[in-house]
Amino acid sequence: MQDIHIIGGGLAGSEAAWQLAEAGLTVRLSEMRGGGDMTPAHESDRLAEMVCSNSFRSDDPENNAVGLLHQEMRRMDSLVMRCADATKVPAGSALAVDREGFAAEVTKALEAHPNITIVRERIDALPDHPCIIATGPLTGSKLAEAIAAETGKDALAFFDAIAPIVHGDSIDMSVAWKAARWGKGGDDYINCPLTKEQYHAFVDALNAGEKTEFKQWEKDTPYFEGCMPIEVMAERGPETLRFGPLKGVGLDDPKTGRWPYACVQLRQDNASGTLWNIVGFQTKLRHGAQAEIFRTIPGLENAEFARLGGIHRNSFIRSPDLLDRRLRLKTRPNIRFAGQITGCEGYVESAAIGLIAARFAAAEASGKELAAPPNTTALGALLGHITGDANAETFQPMNVNFGLMPPLPERFRKADRKKAYTDRARAAFSEWLGEAVGQTSLAEPVEA
């Protein structure tokens, strides 16, 4: 019998397993993929498989909340961040990875750790022993039923969508060109320009395209605003996409020397540069309609798709009601929750909550209690949001952002405000991490 049982081998479960194992605890990591089961969204049985895109978003720790979270996780010896850095691909100021390479690195590290036993099995009931449930938004139906029976509350849910991936050699580079917006990051993106007429024809095609039909029980499920299907955005108005994923500002078309009326961007999806993800093109269009409509984009007329887009229903618990400040289920404190099932949104956020759940569990196993990181830090603000700071009745998944942190004690110019948040966060995080090391057997701080 291992010290801690982790259910779910996604980013949160993988990070949690690593943190616990590095703290000297033995771990049983249960993952149903590879044991005869599969989810509607995954394609392999690799641990930490990234489903929707290959981006960890901004890596700027000075002016961006998710970049700050990257930095905090690196200082806590995050396996997810280590493997992301090892498999990164060009993406301007963002951190994007070779998805297959990333999952392979995480799987290899966990399989090689002497304190981790990976078992390909489906868990259908809530354990009575120390456990972290990190099954993500696609939790198996029987375990979901067990969670609902224990909590007495209906799981909330939202739809999440997957963007299509194009073979790079099928993109017409006589029309498209490589560049990053405002010149940040060199030529990391492929840009496909649209004239006013082409843009409006594209929007009309999106509105008319055949969509996936939802089941009756899915009809009232909301979309997550941060991962909105492109055709749903198009329905909000003819100019919506031009101020969202198809904005042309900051992109000088070398043929005209001007910004295009609208522009579709593709981001490198693997290390070799053979696959490219269409940025912001999450979709519920049927596959036939996708291929037809997306090939009307200049430069993609002969596009060959390695993967077309899709949509799946994600579920999460009402964490502010159900979990304490250390992610324990209030009615059964032997169980912790981590990752997207808690209502955080994003790859990095999911891994971060897996990391801190493991740190809490490791401290508890040694007879100590680890203080939660202060809410002036990125990790602390995210943790606070899902464990009580958010309104439970209106709770929705959210990415880490400066709005989750307490207001700054003094006024700053708009240009300096983000830097003030990150400066305050770094000081608070260093103090907390130093105290945490002194109170527990956790790893020493690592300079970022």
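It should be noted that the structure appears before, not after, this text.
Since the structure is predicted, the reported quantities are computational estimates derived from the model, not experimental observations.

A tally of regular secondary structure across the chain gives 12 helices and 17 strands. Here the chain has a C-alpha radius of gyration of 22 Å; the compact-globule value for 448 residues is 22 Å, and the two agree. Projecting the C-alpha coordinates of the chain onto the three principal axes gives extents of approximately 65 × 50 × 45 Å. Expressed as a percentage of its 448 residues, the buried residues of the chain come to 57%. The long-range fraction of contacts in the chain, counting pairs at least 24 apart against all pairs at least 6 apart in sequence, stands at 71%.

Turning to a nonpolar patch on the surface, a few remarks are in order. On the surface, Trp182, Val249 and Trp259 cluster together into a nonpolar patch covering about 340 Å² of accessible area. Turning to its location among the elements, Val249 is positioned in the loop between α7 (230-235) and β12 (262-268). When its relative accessible area of 34% is taken as the criterion, Val249 is described as partly exposed.

For the rest of this paragraph, the subject is a positive patch on the surface. Taken together, the side chains of Arg411, Lys414, Arg417 and Lys418 present a region of like positive charge at the surface. For Lys418, the location among the structural elements is in helix α12 (residues 414-439).

Its location among the elements puts Thr283 in the loop between β13 (275-278) and α8 (287-294). Overall, the relative accessible area of 0% leaves Thr283 in the buried class. Within the local environment of Thr283, its side chain forms a polar contact with the backbone nitrogen of Leu285, the two atoms lying 2.9 Å apart.

This part takes up the pattern of salt bridges. All chains considered together, the criterion is met by 23 salt bridges. Across the pair Glu121 and Arg28 runs a salt bridge, and its minimum N-O distance is 3.0 Å. Of this pair, Glu121 sits in the loop between β6 (116-120) and β7 (131-133) while Arg28 sits in strand β2 (residues 27-31), placing them 93 residues apart in sequence. Classification of Arg28 as partly exposed rests on a relative accessible area of 27%. The network of salt bridges with shared partners includes Glu62, Lys419, Asp423 and Arg426.

This part is about the packing of helix α1 (residues 11-22) against helix α4 (residues 99-112). Axis separation between α1 and α4 bottoms out at 10 Å; the angle between their running directions is 35°. Seen from above, α1 lies across α4 with left-handed handedness. In this structure, α1 contributes Leu11, Ser14, Ala17 and Trp18 to the contact, and α4 contributes Phe102, Val106, Ala109 and Leu110. Here the contact of α1 with α4 is built from residues that sort into seven nonpolar, one polar and no charged.

What follows covers the sheet that holds strand β9 (residues 165-167). Within the open sheet, the six strands sit side by side as β10-β11-β12-β13-β9-β14. Their pairing is antiparallel. Unpaired on one side and paired on the other, β10 (177-178) and β14 (305-307) mark the two borders of the sheet. In this structure, β12 lies alongside β13, joined through three bridges in antiparallel fashion. Looking at the pairing, Leu266 lines up with Ile278 of β13. Across the sheet, helix α6 (residues 196-208) touches β11 (189-194) and β12, and the angle it forms with β11 is around 95°.

Looking now at the nonpolar core. Judged by nonpolar contacts, the single largest core of 92 residues is most densely connected at Leu20, Phe56 and Phe102. Ranked by residues supplied to this core, first place goes to helix α10 (residues 347-365) with 13 residues. Ignoring any residue separated from it by four or fewer positions in sequence, one finds Phe102 in contact with Leu11, Ala48, Met50, Phe56, Val80, Cys83, Ala84, Thr87 and Val97. Ranked by size, the runner-up nonpolar core spans 32 residues in total, among them Cys192, Phe202, Leu266 and Ile293.

Turning next to the pairing of β11. Of all six residues that make up β11, six are buried, and the element is covered over most of its length. Neither face of β11 is left uncovered, since the one carrying Tyr189, Asn191 and Pro193 and the one carrying Ile190, Cys192 and Leu194 both have all their residues buried. Relative to β11, β10 is paired through two bridges, and the arrangement is antiparallel. Along β11, the bridge assignment pairs Lys178 with Ile190. Where β11 and β12 come together, six bridges link them in antiparallel fashion. Counterpart to Asn191 in the pairing with β12 is Gln265.

Let us look at the state of the cysteines. By the definition in use, this model includes zero disulfides. Of all cysteine sulfurs, the one in Cys344 lies closest to Cys131, which takes part in no disulfide; the gap is 17 Å.

In this section: the packing of helix α2 (residues 65-75) against α10. Helix-helix packing is characterised by the crossing angle of the two axes and by the distance between the axes. It is the contact of α2 with α10, at a shortest axis distance of 11 Å, that shows an interaxial angle of 35°. In this structure, α2 crosses over α10, and the sense of that crossing is left-handed. Here Val66, Leu69, His70 and Met73 of α2 lie close against α10, whose contacting residues are Val348, Glu349, Ala351, Ala352 and Leu355. Along the lines of polarity and charge, the residues of the contact of α2 with α10 split into seven nonpolar, one polar and one charged.

Quick notes on the rules
Residues numbered from 1 in each chain as written. Predicted model: local features only at pLDDT ≥ 70, side-chain atom pairs only at ≥ 80, totals over all residues. Heavy atoms only, no water. Helix = DSSP H or I, 4+ residues; strand = E, 2+ residues; numbered from the N terminus. Rg over C-alpha atoms; globule rule 2.2 N^0.38 Å. Buried < 20%, exposed > 50% of the residue type's maximum accessible area, 1.4 Å probe, protein only. Contact = heavy atoms within 4.5 Å. Patch = residues over 30% accessible without salt bridge, like charges linked within 9 Å, V, L, I, M, F, W, Y side chains within 5 Å. Areas by Shrake-Rupley, 256 points an atom, 1.4 Å probe, with all protein chains shown as cover. Salt bridge = Lys/Arg side-chain N within 4 Å of Asp/Glu carboxyl O. Lys, Arg positive; Asp, Glu negative; His and termini not counted. Charge placed at Lys NZ, Arg CZ, Asp CG, Glu CD. Polar contact = N/O pair within 3.5 Å; in protein donor to acceptor, adjacent residues only side chain to side chain. Axes fitted to C-alpha atoms, helices over the stretch in contact; angles between N-to-C directions. Left-handed = near helix turned anticlockwise from the far one by under 90°. Nonpolar A, V, L, I, M, F, W, Y, C, P; charged D, E, K, R; others polar. Pairing = 2+ DSSP bridges. Core = buried A, V, L, I, M, F, W, Y, C linked by side-chain atoms within 4.5 Å. Disulfide = S-S within 2.5 Å.

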